[in-house]
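Breakdown of the fold
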Amino acid sequence: MTDLVVRGGTVVTPEGVNRADIAIEGDVISAIAPELPGAAEEVDARGLFIFPGVIDVHVHFNEPGHTDWEGAATGSRALAAGGGTLFFDMPLNSIPCTVNAREFDRKRVALEAASITDFALWGGLVPGSVQEMAELAARGVVGFKAFLCHSGLDEFPRVDDLTLLEGLREAARLGMPVAVHAENHELIAALSQRMAGEGRRSVRDFLESRPVIAELEAIQRATLLAGEVGAKLHIIHLSSGRGVSLAAEARARGVDVSIETCPHYLFFTDEDVERLGAIAKCAPPVRDRQEQNHLWAELLRGTVDVVASDHSPSSPDRKAGDFWRAWGGIAGIQSTLAVLLDRGYHQRRLPLERIAALVAAEPARRFRIPDRGRLVPGASADLALVDLSAPFTLKSDDLLQRHALSPYIGASFRGVAKRTIRRGETIFAGGKATARSGGKLVRPLPM
Ligand SMILES: [Zn+2]
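Residues numbered from 1 in each chain as written. Predicted model: local features only at pLDDT ≥ 70, side-chain atom pairs only at ≥ 80, totals over all residues. Heavy atoms only, no water.

Structural notes on the overall build of the protein chain
- Regarding its fold elements, the protein chain presents 13 helices and 18 strands.
- Relative to the compact-globule value of 22 Å for 447 residues, the protein chain shows a C-alpha radius of gyration of 21 Å, a close match.
- Expressed as lengths along the three principal axes of its C-alpha atoms, the size of the protein chain is roughly 70 × 45 × 40 Å.
- Out of the 447 residues in the protein chain, the part that is buried amounts to 63%.
- For the protein chain, the accessible area works out to roughly 16,200 Å², and carbon and sulfur atoms hold 49% of it.
- Each charge sign in the protein chain was given a centre, from 51 positive and 57 negative side chains, and these centres are 1 Å apart. (Helix = DSSP H or I, 4+ residues; strand = E, 2+ residues; numbered from the N terminus. Rg over C-alpha atoms; globule rule 2.2 N^0.38 Å. Buried < 20%, exposed > 50% of the residue type's maximum accessible area, 1.4 Å probe, protein only. Areas by Shrake-Rupley, 256 points an atom, 1.4 Å probe, with all protein chains shown as cover. Lys, Arg positive; Asp, Glu negative; His and termini not counted. Charge placed at Lys NZ, Arg CZ, Asp CG, Glu CD.)

Set out below in structure tokens:
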């Protein structure tokens, strides 16, 4: 007997958009076809679009150690409210950072106790950690994250070029991707120091201290080094259209590089940052309209592989006061799908199929999690049921994250997740999280 049938919806996959019922047995999809027979439980999905559950490959839930900023309990609920069923937690902003097997185990235990969605873990690549990478890979990390500039946290130092080269070589041996935060440290540090000396402390000064060329130089270097040793490279949170173009040039030369951008680069501009203040501060910073248009053009052309939130909240006090000292990180995990549906599908004719690829199918493929991100029989029953037409304005009460702080508050969208199903269980419906726990670690397929 089938446990659950999701009936009458329109199923969205990278391959197409079709009316069909979805039958679920236990954790997995057992059939997708029109007019499936009845089941023990039925969900009425008439009028709704069914996407694969969002896989957010870039979040900072800060657990253990900084759950006063966020935490897997609240962060996973916010993810579920945005149609998400699986997140990849970054190795920093938790204490300690995930740079060895012991810290992997510690984080795994904390997240299994707290998360309502499934999760995977990034390992860290920092000076002195190359010899830890093999054991982290054996534990099941999805890849290794490195900073080319200061990370904002002294406990997670940036890689020097030799650490990066040797880390890429070790990752290539292990068959794992390395994710890089691509900004040139020397340019940013020198510009920031000069501005400090001149007493320049405005929002505009901050934006000018992290110019697009700093991103381009770091992309150039990272793709060159990755190509030299045959490593898989994942460039996270590309903020500029020019950055995407440059990474795509490396790919055309044969470098194995995947390209991630974030909803905030697609939604906000520099003028919004000046208006909103520290709540919209991040690094690389949000760019001007021209750069954003270029980014959209690259995304519409199919150059971008993955859209991830880079959800990186802090406690409210860290977002108050002087902009330069304020925490750099945008809390937007709940809005990824809404941004792509409203600004992408409705406003720019971004096909729904592409959205399913950007937030689910490609993340699963790139990070070798074959039973996720797809709506086919045998795949994990992870679904996001979306109302594509109903307009809504995001209110602080709608946010399920730890602190109701987000630059998206007050923004209006068409395209909202109504129900999220993780491995056959409804974890979000009616504006509320409906599970208390149940998240489990997901590991990539071994090479
Ligand atoms: Zn991040």
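Section: the side chain of S380
- Relative to the helices and strands, S380 is located in the loop between helix 13 (352-366) and strand 15 (383-393).
- You can call S380 buried: its relative accessible area is 5%.
- In this structure S380 touches D27, V28, I29, D371, R372, R374 and R423, once residues within four positions along its chain are discounted. (Contact = heavy atoms within 4.5 Å.)

What to know about the coordination of the zinc ion
- Those donors, H58 (NE2), H60 (NE2) and D310 (OD), are the protein atoms that reach the zinc ion, and they lie 2.1 Å from it.
- Judged by its relative accessible area of 0%, H58 falls in the buried class.
- Of the residues examined, H60 reaches a relative accessible area of 5% and is grouped as buried. (Donors = N, O, S within 2.8 Å, 3.2 Å for Na, K, Ca; no water.)

Remarks on the sheet that holds strand 7 (residues 84-89)
- Sheet architecture is open: 3 strands sit in the order 6-7-8, paired in parallel fashion. Because the sheet does not close on itself, it has two edges, and the strands there are strand 6 (54-59) and strand 8 (118-121). Taking each pair of neighbouring strands and ignoring which way they run, the sheet shows an average axis angle of 20°.
- The sheet contact formed by strand 6 and strand 7 spans 4 bridges and is parallel. In the strand pairing of strand 7, V54 is matched with G84.
- Here helix 2 (residues 101-114) sits on the sheet in contact with strand 7 and strand 8, set at roughly 170° to strand 8. (Pairing = 2+ DSSP bridges. Axes fitted to C-alpha atoms, helices over the stretch in contact; angles between N-to-C directions.)

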